[in-house]
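Next come the chains, spelled out residue by residue.
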Amino acid sequence: MSLDTVQQYLFDLQGYLVIENALSTDEVAAISAILDEHQLPEEGSRERFGSAPDGPGFLDWGEPFCNLLDHETIMPILRQQLGDCFRLDRIYGICMEEGMHRGALHADYGATSPFSGVEEGEYYAFKSNQIYNGFMVVTWNLTDSGPDMGGFCCIPGSHKSNYKIPRAIFDAPETSPAVVMPHAPAGSVTLFTESLTHGTAAWRSKAGRRSLLYKYCVSHMAWKSSRVQIPDNVELTERQEILFGEPGDPYRYFPSLFA
């Protein structure tokens, strides 16, 4: 299981990557059928569902959701970005209906982050052919999204920017050529670093949006004090269980996922 050199180049260049056909039509249909059985947010309400930490979130809804934890498509990319030791930090689903408003552009690390004093490239440094990235997001797209519909948007390359996002772009991302909405068909997976300036474009399609987000971080870091819990009704593999471990120094207190 190795990382394609084109994928490696494009992720480093753009700060994100869309991989099509990561899930089959049958896999998408199976997950969608389970979602239909659960109480998702009503139209026009807050669009997140199945969130964790503070429990297992949507992982408790069955094996198809847990199979995505260490899917073979994402693991080489996560390994390149986070090293051999990383953990699952957060999960949630997003559903959107036609007419739902956009979410603001933001970056959790880097020049545009809300934290003062962050060094340039601190969470996307590159030394000795090794990337030092802090947090990664994996978005499983269960429906089509892209320029004609809405959904994930970003400023490619902004994970390496030394300047905060200009107010003109922040206030009107819809009119800025710097902001792109990558085409991501159903069954694709979108990966991006939290250092990338990203957001959610307004949803314009009559067909709703459904996505599942899994957020991973290097083993010694955590977003908050609570943890995503292991689901009660699914038997996980040894590697999947490692992803739920408490934060710890890589190798010494947190095992490799690739031993």
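Residues numbered from 1 in each chain as written. Predicted model: local features only at pLDDT ≥ 70, side-chain atom pairs only at ≥ 80, totals over all residues. Heavy atoms only, no water.

Novice: Sorry, what's going on with the overall build of the chain here?
Specialist: The number of helices and strands found in the chain is six helices and 11 strands. Sorting the 259 residues of the chain into buried and exposed places 54% on the buried side. Sequence separation of at least 24 residues holds for 86% of the intrachain contacts in the chain that already meet a minimum separation of 6. Total accessible area computed for the chain in this model is approximately 12500 Å², and 49% of it derives from carbon and sulfur atoms. (Helix = DSSP H or I, 4+ residues; strand = E, 2+ residues; numbered from the N terminus. Buried < 20%, exposed > 50% of the residue type's maximum accessible area, 1.4 Å probe, protein only. Contact = heavy atoms within 4.5 Å. Areas by Shrake-Rupley, 256 points an atom, 1.4 Å probe, with all protein chains shown as cover.)

Novice: What's the story with the confidence of the model for the chain in this structure? I'm lost.
Specialist: In low-pLDDT regions, the fine details of the predicted coordinates are not to be read closely. Looking at the chain, pLDDT values average 88 and 87% of them are 70 or higher. Per-element mean pLDDT across the chain ranges from 54 in strand E5 (residues 124-127) up to 98 in helix H3 (residues 63-66). In this model, residues 116-123 is a region of pLDDT below 50 whose contacts with residues beyond four sequence positions or in other chains number 11 contacts. (pLDDT = per-residue confidence, 0-100.)

Novice: Just to check I follow, could you spell out the pattern of salt bridges for this structure?
Specialist: Opposite charge on two side chains allows them to pair when their charged atoms are near. Throughout the structure, instances matching the rule amount to 14 salt bridges. Salt-bridge contacts for Arg227 lead to Glu246; the nearest nitrogen and oxygen are separated by 3.2 Å. Here the residue Arg227 occupies a position in the loop between strand E11 (209-218) and helix H6 (238-242), and Glu246 occupies one in the segment after H6, the gap between them amounting to 19 residues. Among the salt bridges present, the one from Arg252 reaches Asp249, with a minimum N-O distance of 3.0 Å. A single network of salt bridges, built from pairs that share partners, joins Arg87, Asp89, Arg90, Glu194 and Lys215. (Salt bridge = Lys/Arg side-chain N within 4 Å of Asp/Glu carboxyl O.)

Novice: Even after reading the chapter, I still don't get the sheet that holds strand E3 (residues 86-96), so can you show me in this structure?
Specialist: Where strands meet in a sheet, backbone hydrogen bonds hold them as pairs that are either parallel or antiparallel. A sheet is described by the order of its strands in space; here six strands give the open sequence E1-E9-E7-E11-E3-E2, paired in antiparallel fashion. Two strands lie at the open edges of the sheet, namely strand E1 (16-19) and strand E2 (48-52), each paired on one side alone. Ignoring which end each strand starts from, the neighbouring axes of this sheet average 15° apart. Across three bridges, E2 lies against E3 in antiparallel orientation. Each bridged residue has a counterpart across the sheet, and for Ala52 the counterpart in E3 is Ile91. Most of the contacts of helix H4 (residues 75-82) go to strand E7 (residues 135-141), to which it runs at about 165°, and overall it touches E1, E3, E7, strand E9 (189-193) and E11. (Pairing = 2+ DSSP bridges. Axes fitted to C-alpha atoms, helices over the stretch in contact; angles between N-to-C directions.)

Novice: Can you walk me through the state of the cysteines in this structure?
Specialist: Defined simply, a disulfide is a covalent bond joining two cysteines at their sulfur atoms. Counted under the stated rule, the structure contains zero disulfides. With no disulfide of its own, Cys154 lies closest to Cys153 among cysteine sulfurs, the gap being 7.1 Å. Note on Cys154: relative accessible area 0%, which makes it buried. (Disulfide = S-S within 2.5 Å.)

Novice: Please clarify how the packing of aromatic side chains should be interpreted in this entry.
Specialist: Given two aromatic rings, one states the distance between the centres and the angle between the planes to describe the pair. A full pass over the atoms with the stated rule returns nine aromatic pairs. Judged by centre distance (6.1 Å) and plane angle (5°), the rings of Phe49 and Trp61 are stacked. Here Phe49 is found in strand E2, whereas its partner Trp61 is found in the loop between E2 and H3, with 12 residues between them in sequence. On the accessibility criterion, Phe49 (4% relative accessible area) is buried. (Phe/Tyr/Trp six-rings, centres within 6.5 Å; stacked < 30°, edge-to-face > 60°.)

Novice: Quick question: what am I supposed to make of the pairing of strand E10 (residues 198-201) here?
Specialist: In summary, the side chains of a regular strand alternate between the two faces of the sheet. Sheet analysis places strand E4 (residues 103-106) next to E10, joined by two bridges and oriented antiparallel. Bridge pairing in E10 links His106 to His198. For strand E8 (residues 151-154) and E10, the ladder comprises four bridges, and the chain directions are antiparallel. Residue pairing across strands places Cys153 opposite Gly199, the latter belonging to E10.

Novice: What is the right way to look at the sheet that holds E4 in this model?
Specialist: Read from one edge of the open sheet, three strands run E4-E10-E8, paired in antiparallel fashion. Only two strands of the sheet have a single neighbouring strand rather than two, namely E4 and E8. Sheet twist, expressed as the average angle between the axes of neighbouring strands with direction ignored, equals 30°.

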